[in-house]
Number of protein chains: 2
Amino acid sequence: MISIDRADLAFQLHDVLGLARLSAIPRFADYDREAMDGVLETAERIAMEHFLPHAARLDEHEPTFVDGKVEMDGAVADALAVYRDAGFFGGAFDVEWGGTQMPETLRVAAAFVFSMANISTSAYPFLTVGAARLIESFGTDAQKERYLRPMVAGRFFGTMCLSEPQAGSSLADITTRAEPQEDGSYLMVGRKMWISGGDQEISDNIVHLVLARIPDGPAGVKGISLFIVPKRIVGEDGTPGERNGVSLAGLNHKMGYRGTTNTLLNFGEDGPCRGELLGEAHHGLSYMFQMMNEARIGVGMGATALAAAGYRASLAYARERPQGRPAGAKDPATPQVPIIQHADIRRLLLAQKAAVEGALALCLYCADLVDRAHGDREAAIAKEEALLLDLLTPIAKSWPSEFCLEANKHAIQILGGYGYTRDYPVERLYRDNRLNPIHEGTHGIQGLDLLGRKVGMGGGASVKALAGRIMADVSAAHQIASLEAFAEMLATELAETVATTRRLAVATANEPRLALANATIYLDMFGHVVIAWMWLRQATVAARKLAEGSGDENFLNGKLSACRYFFTYELPKARTQRALLESLDDTTLAMKQEWF
Amino acid sequence: MISIDRADLAFQLHDVLGLARLSAIPRFADYDREAMDGVLETAERIAMEHFLPHAARLDEHEPTFVDGKVEMDGAVADALAVYRDAGFFGGAFDVEWGGTQMPETLRVAAAFVFSMANISTSAYPFLTVGAARLIESFGTDAQKERYLRPMVAGRFFGTMCLSEPQAGSSLADITTRAEPQEDGSYLMVGRKMWISGGDQEISDNIVHLVLARIPDGPAGVKGISLFIVPKRIVGEDGTPGERNGVSLAGLNHKMGYRGTTNTLLNFGEDGPCRGELLGEAHHGLSYMFQMMNEARIGVGMGATALAAAGYRASLAYARERPQGRPAGAKDPATPQVPIIQHADIRRLLLAQKAAVEGALALCLYCADLVDRAHGDREAAIAKEEALLLDLLTPIAKSWPSEFCLEANKHAIQILGGYGYTRDYPVERLYRDNRLNPIHEGTHGIQGLDLLGRKVGMGGGASVKALAGRIMADVSAAHQIASLEAFAEMLATELAETVATTRRLAVATANEPRLALANATIYLDMFGHVVIAWMWLRQATVAARKLAEGSGDENFLNGKLSACRYFFTYELPKARTQRALLESLDDTTLAMKQEWF
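Residues numbered from 1 in each chain as written. Chains lettered and ligands numbered in written order. Predicted model: local features only at pLDDT ≥ 70, side-chain atom pairs only at ≥ 80, totals over all residues. Heavy atoms only, no water.

- Chain A carries the name Acyl-CoA dehydrogenase in an unreviewed UniProt entry, which gives Aquibium carbonis as its organism.
- A UniProt comment under Sequence similarities (unreviewed entry) is attached to chain A, and it reads "Belongs to the acyl-CoA dehydrogenase family."
- Quoted verbatim from the Cofactor (unreviewed entry) field of UniProt, the annotation for chain A is "FAD". (UniProt positions renumbered as here; feature names shortened; annotations may be inferred.)

Set out below in structure tokens:
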């Protein structure tokens, strides 16, 4: 039932983002449109043939912890071998380290395809790429040779080890220690919790990137350093040898995402555990934030992919399932109609389409900002793009996590009782997606990041940059009669959002608790405005293509309808939320804990 | 982590609904306040000692189908034996048939307690009571003796067999046949799908109530009759004997509610299957709707109970879990605080409290309407109460199903990564609750029922009756200074909702498809107004008690805060939805199926 909508990917990448321009940049010279399409075609084939078939089975038979080792369905290793052989581990990396230096936008699009088919299996390369990028950015040449190269080749996998049982959202409170040794290495002692991919027997080695404290360093986040801790010590010849003292203390049993092992790891408990400092001491958290920011956009992409899979499955079902009669048909002899003909089912489908394709547009837009920084650009523009990316990151993480989960809920509803059974994929997708508002910074943390930090960056420069981009697209949409009303609406919403942001900034100066109390609502409100923008951009291109008579009319009309749906059914909610935000309501603060 | 909030039950039953008045009615003479409290105390004890302990295990090890039989955790039978011995199966029934003729409001409150502890195990008596009530209403004395009495005693369990694989929402399309035999009995032939409790080895017998067609009857819903089909034929002495030809064809494997078997049943495939007509031929659907309406309120109550369990668990966690520091604290040496001190966590707790206690108030209000009909009342008032109950039934089913599911989502969020694991109950509660918008009439069907039928009943008499009740409570709230603004707000919302309803009624006459296209949104909007009413009622009582100095101040302040939360954060959403409804937007109708 799950199928990839290649037409939408082509529309978003080429018609909306104009990705083909990238081949003019030396770094991406190999990626003309044909090459890009080839990458996605390969991704689709591998995803459908090797990732999708074991997704349900892996969920039903999750990895287990037997004699200190992880046992899991062999199909995961097989699928990742095919993925590795096709070169997908190396997409993000320079040729120098064995990579294929794909445009980030294309890489994200390919990751979306794999995640649609099987998010659990896709997580292993996702984590590996994130860890490898940190080594690429901050490692010595020797560290890159030892760890980065085999990760780019897909032989070593990676993890990020941040949380501890007592320190999740509050990383200031981690206690894992790194004791300096005479040879310049460190001995690691501590426990890490929620480590995805923290153990498995698929890869030759696992490269853990571990946040820890060097004794006598500063308290809080300023005393956190980052360490490379391999599962097996890598010899001079690059071969993984003896076990390092990092051991699996247990597997977490989750509601979804079951195929990705999630672990409690002990460092230095079953023997000495060697680590190498990555970059400079005490800079660990800022390094990790580079990875975290990429991971946050990746989470948004994953949430979108899960909803896309549910949308496609429920759309296929709605076209096939006969049930009920057209409204007003009283004669029981009237044949039943497929449920896609019922208005409420179409509403549930449009809601999914609007969420999925709107969220995908945002994730790809963010990736495109990364790619643009690789071009020959003026420094000022590159700086603006970096600012925008910083501003949009909490939105790209949180909006899909919240509203694509809602889309998965709708997919179940369309299948009715069948959707509630494990015979169909939609209930699993919903369970998988429930993780996304939690990991890589909870929904609440994203709200604080956006309202408490990002919108104030550069004295409001980030919001100004965003407003400039949105208004440019509003102007373009204004040229198209059928989109004028939406363009007006978005312009108004944007102006009001900017005004609200300013008022909250003033309030924050006086009463930070009050101004930040509803940061999560601000996040959702802001997200709706951004997604409306993404829809106006898509609709503008669709309307132009329709007018030109180029492209598939059904497809383009679908884009216009989904845009209309979002502006009519969703965007007005932002106004309601702004009114609440402007009131600086203190209900949540005034509610004393003993009153609960 | 799950605990019963007896204080809230006492407040709702006694302070808000004044249940003690019922003991003046002869039918309920045994139920003074002390007796009622005793029932709930017993319910809580049995629920905590016998229902809760196996809830997680039953979910993890769901019933299996082995050699044509259902095998399940023995704790279910043990718990239900204790429940039976305490007389809970008989609560709904007359003393004549072995029941204890409890007030319905008390019975619903007790069911809420059991459902909080373990919804899967609670489902067996829930289904049995529903089926037994139909036999009580429409059966002959012989049928009552044969089936009702052992059901009231908890020896036979019951089911409702409506859906078939090809006919779920569209019952007009069922094809199961009942062939009349010379002895007045029927031979049943067909398949039924989604039958909860459809097989098990706990009870001495299972009494299936089956919708089927007598050959040569009218087509569509007018040709559907209702039959009693026992799993084992009951002998003259009342003992179940030989197997009837109803057989288990398979168990459905669900996302949640796993402890309640859900089955595909064959009738007449493995031998002749005898059935008895219940009531008159061709009236089956209207009979079944009596049960369905009760079941719908029961579904709402169950959804509320699941959210209540999640709320209590997440509240307990939030009070214990240290993480982060107060807003503005920069010094890492500041000790961490329990997360309940963070505004966003309080928001998630208040959202749950507002949903749970608002929804519970509505379910109990509906039950109270049933009880009032048993009093010595003028016929006109009793008729109004029946109308109100009809009108509120789709709300009582759907609002908790939608918004208490959302509450369960919040409970997971509070526990963070821990909430996503099966080590804590909140993920299970969320999975369980996802069923409720689907069964006993989907969310979409409830919307059509409300807007397409219920609000138009008696030429608008039902809405008028509701408005009268709401305005009486608005007047009472107006007397209290701190509630005046909320009273105004509710009065406005109500007036606007009535106006919108009228406009939609006019539109329906001309363009039924257009007027009904957004029936689900109307349902949610209407539900928010009703729940705001329930909150204003609770707040009025709480404010009075606070002023009198009676009752626990913390508890009463909590009620006032939750009321404020609902009016500030939730009720404004109704206005946004009304604007959409009034626009008679046709986005969903205009979207052609080939555009998806």
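Next comes the rest of the description.
**Comments concerning the overall build of chain A**
- Secondary structure assignment for chain A yields 19 helices and twelve strands.
- For a compact globule of 596 residues, the expected C-alpha radius of gyration is about 25 Å, and chain A comes in at 24 Å, within 12% of that figure.
- Principal axes of the C-alpha set define a box for chain A whose edges measure 80 × 60 × 60 Å.
- Among the 596 residues that make up chain A, the fraction classed as buried is 63%.
- In chain A, the proportion of contacts linking residues at least 24 apart, taken out of those at least 6 apart, comes to 75%.
- Accessible surface for chain A amounts to roughly 20500 Å². Of this, 51% is attributable to carbon and sulfur atoms.
- Averaging the positions of the 59 positive and the 74 negative side-chain charges in chain A gives two centres separated by 4 Å. (Helix = DSSP H or I, 4+ residues; strand = E, 2+ residues; numbered from the N terminus. Rg over C-alpha atoms; globule rule 2.2 N^0.38 Å. Buried < 20%, exposed > 50% of the residue type's maximum accessible area, 1.4 Å probe, protein only. Contact = heavy atoms within 4.5 Å. Areas by Shrake-Rupley, 256 points an atom, 1.4 Å probe, with all protein chains shown as cover. Lys, Arg positive; Asp, Glu negative; His and termini not counted. Charge placed at Lys NZ, Arg CZ, Asp CG, Glu CD.)

**Overview of the UniProt feature "domain: Acetyl-CoA dehydrogenase-like C-terminal" (unreviewed entry) in chain A**
- According to UniProt, the feature "domain: Acetyl-CoA dehydrogenase-like C-terminal" (unreviewed entry) maps to residues 470–591 of chain A in the numbering used here.
- In residues 470–591 of chain A, helix accounts for 85% and strand for 0%; the two terminal C-alpha atoms are 38 Å from one another.

**So, the environment of Ala355 of chain A**
Residue and element names in this part refer to chain A.
- Turning to its location among the elements, Ala355 is positioned in helix H9 (residues 343–372).
- A residue is classified by how much of its surface remains accessible, and Ala355, at 5% relative accessible area, is buried.
- In this structure the C-alpha to C-alpha distance between Ala355 and Phe403, which are 48 residues apart in sequence, comes to 6.5 Å.

**Observations concerning the confidence of the model for chain A**
- Overall, the predicted model of chain A reaches an average pLDDT of 96, with 100% of residues at or above 70.
- Interface predicted TM-score (ipTM) for the complex: 0.98; the corresponding pTM is 0.98. (pLDDT = per-residue confidence, 0-100.)

**Brief notes about the interface of chain A and chain B**
- Taken together, the 91 residues of chain A in the interface contact 91 residues of chain B.
- In total, chain A and chain B occlude about 8100 Å² of area from one another, counting both sides; carbon and sulfur atoms represent 55% of this.
- Summed over the shared surface of chain A and chain B, the number is ten salt bridges.
- A salt bridge links Arg325 of chain A to Asp173 of chain B, with the nearest nitrogen and oxygen atoms 2.7 Å apart.
- The tally of links between chain A and chain B comes to 57 residue pairs in polar contact (both at pLDDT 80 or more).
- Top element by residues in the side of chain A that touches chain B is helix H10 (residues 379–419) of chain A. It accounts for nine residues. (Buried area = accessible area lost by both parts, 1.4 Å probe. Salt bridge = Lys/Arg side-chain N within 4 Å of Asp/Glu carboxyl O. Polar contact = N/O pair within 3.5 Å; in protein donor to acceptor, adjacent residues only side chain to side chain.)

**Remarks on helix H17 (residues 553–570) of chain B**
All names here are of chain B.
- Compared with the 26 Å implied by 1.5 Å per residue over 18 residues, the 25 Å span of H17 between its first and last C-alpha is a close match.
- Among the 18 residues in H17, 14 count as buried, and that is most of the element.
- Where H17 begins, the side chain of Asp552 points an oxygen toward the backbone nitrogen of Asn554, at a separation of 2.8 Å. (Expected span 1.5 Å × (residues − 1).)

**A few points about the pairing of strand E5 (residues 186–196) of chain B**
Residue and element names in this part refer to chain B.
- For strand E4 (residues 177–180) and E5, the ladder comprises four bridges, and the chain directions are antiparallel. Residue pairing for E5: Pro180 is matched across the bridge by Tyr186.
- Where E5 meets strand E11 (residues 262–267), five bridges bridge the pair, whose relative direction is antiparallel. Considered in E11, the bridge of Ile195 is made with Thr263. (Pairing = 2+ DSSP bridges.)

**Quick look at the pattern of salt bridges**
Residues and elements named next belong to chain A.
- A full pass over the atoms with the stated rule returns 82 salt bridges over all chains.
- Between Lys573 and Glu570 there is a salt bridge, and its shortest N-O distance comes to 3.1 Å.
- In this structure Glu570 comes out as buried when scored by relative accessible area, which is 13%.

**Notes on the relation of the copies chain A and chain B**
- Superposition record for chain A on chain B: RMSD 0.0 Å, screw rotation 180 degrees, translation along axis 0.0 Å. Look at the turn and shift together and you get a two-fold axis relating the two.
- Most of the interface of chain A is mirrored in chain B, where 100% of its interface residues are also at the interface. (Least-squares fit on C-alpha atoms with pLDDT ≥ 70 in both.)

**Here's the deal with the packing of aromatic side chains**
- Counted by the stated rule, this structure contains 41 aromatic pairs over all chains.
- Ring centres 4.9 Å apart and planes at 65 degrees place the aromatic pair Tyr186 of chain B and Phe227 of chain B in the edge-to-face group. Of the two residues, Tyr186 of chain B is situated in strand E5 and Phe227 of chain B in strand E7 (residues 224–230); the sequence distance between them amounts to 41 residues.
- Of the aromatic side chains, those joined through ring pairs into one cluster are Phe51, Tyr83, Phe88, Phe89, Phe114, Tyr124 and Phe157 of chain A.
- Positioned above the aromatic ring of Tyr430 of chain A is the side chain of Arg434 of chain B, whose terminal nitrogen or guanidinium carbon lies 6.0 Å from the ring centre. (Phe/Tyr/Trp six-rings, centres within 6.5 Å; stacked < 30°, edge-to-face > 60°. Lys NZ or Arg CZ within 6 Å of the ring centre and 35° of its normal.)

**Let's talk about helix H4 (residues 74–85) of chain A**
Residues and elements named next belong to chain A.
- For H4, which comprises twelve residues, the first-to-last C-alpha distance of 17 Å matches the rise-based estimate of 16 Å (1.5 Å per residue) to within 8%.
- Of all the positions in H4, only Ala75, Val76, Ala79, Leu80 and Tyr83 are classed as buried. One side of H4 carries all its buried residues, which in axial view fall inside an arc of 130 degrees. In H4, those exposed residues whose orientation departs by more than 90 degrees from the buried face are Asp78 and Asp85.
- In this structure, the buried residues of H4 make contact with helix H2 (33–51), helix H3 (55–60), helix H5 (104–117), helix H6 (119–138) and strand E3 (156–161).
- Capping the start of H4, Asp73 holds a side-chain oxygen 2.9 Å from the backbone nitrogen of Ala75, two or three residues further along. (Arc of directions from axis to C-beta.)

**Looking at unusual backbone geometry**
All names here are of chain B.
- You will see that Asp216, though not glycine, has its phi angle at about 70 degrees, which is positive.
- Mapped onto the fold, Asp216 is located in the loop between strand E6 (205–213) and E7.
- Of note in this structure, His282 is not a glycine but carries a positive phi near 70 degrees.
- Inspection of the secondary structure assignment puts His282 in the loop between strand E12 (274–277) and helix H8 (284–320).

**A short note on the environment of Glu236 of chain A**
- With respect to the secondary-structure elements, Glu236 of chain A resides in the loop between strand E8 (232–234) and strand E9 (240–243).
- For Glu236 of chain A and Phe28 of chain A, which are 208 residues apart along the polypeptide, the C-alpha to C-alpha distance reads 34 Å.

**Things to note about the side chain of Gln413 of chain B**
- Here Gln413 of chain B lies in helix H10 (residues 379–415).
- Residue classification places Gln413 of chain B among the buried positions, given a relative accessible area of 13%.
- Side-chain polar atoms of Gln413 of chain B contact the backbone oxygen of Pro437 of chain A, separated by 2.9 Å.

**Looking at the packing of helix H16 (residues 519–548) of chain A against helix H17 (residues 553–570) of chain A**
Residue and element names in this part refer to chain A.
- In contact at an axis separation of 9 Å, H16 and H17 are set at 150 degrees when each is read in the N-to-C sense. Accordingly, the angle class assigned to the pair H16 and H17 is roughly antiparallel. When you trace H16 past H17, the crossing you get is left-handed. Contact with H16, carried on its side by His528, Ile531, Ala532, Trp535, Leu536, Gln538, Ala539, Ala542, Ala543, Lys545 and Leu546, involves Glu553, Leu556, Asn557, Lys559, Leu560, Ala562, Cys563, Phe566, Phe567 and Glu570 of H17 and no other residues of that element.
- A breakdown of the residues in the contact of H16 with H17 according to their chemical character gives 14 nonpolar, three polar and four charged. (Axes fitted to C-alpha atoms, helices over the stretch in contact; angles between N-to-C directions. Parallel < 35°, antiparallel > 145°, perpendicular 65-115°, else oblique. Left-handed = near helix turned anticlockwise from the far one by under 90°. Nonpolar A, V, L, I, M, F, W, Y, C, P; charged D, E, K, R; others polar.)

**Focus on the state of the cysteines**
All names here are of chain A.
- For the coordinates displayed, the defined rule picks out zero disulfides over all chains.
- Cys161 forms no disulfide, and the closest cysteine sulfur to it belongs to Cys273, at a distance of 9.7 Å.
- Cys563 carries a free sulfur, and the closest cysteine sulfur to it, the one in Cys404, is 17 Å from it.
- Accessibility expressed as a relative area gives 0% for Cys563, which makes it buried. (Disulfide = S-S within 2.5 Å.)

**Here we look at the pairing of strand E7 (residues 224–230) of chain A**
Residue and element names in this part refer to chain A.
- Most of E7 is tucked away, with seven of its seven residues classed as buried.
- Inspection of the sheet shows strand E6 (residues 205–213) paired to E7 by seven bridges, in the antiparallel sense. Each bridged residue has a counterpart across the sheet, and for Val207 the counterpart in E7 is Pro230.
- Pairing between E7 and strand E12 (residues 274–277): two bridges, direction antiparallel.

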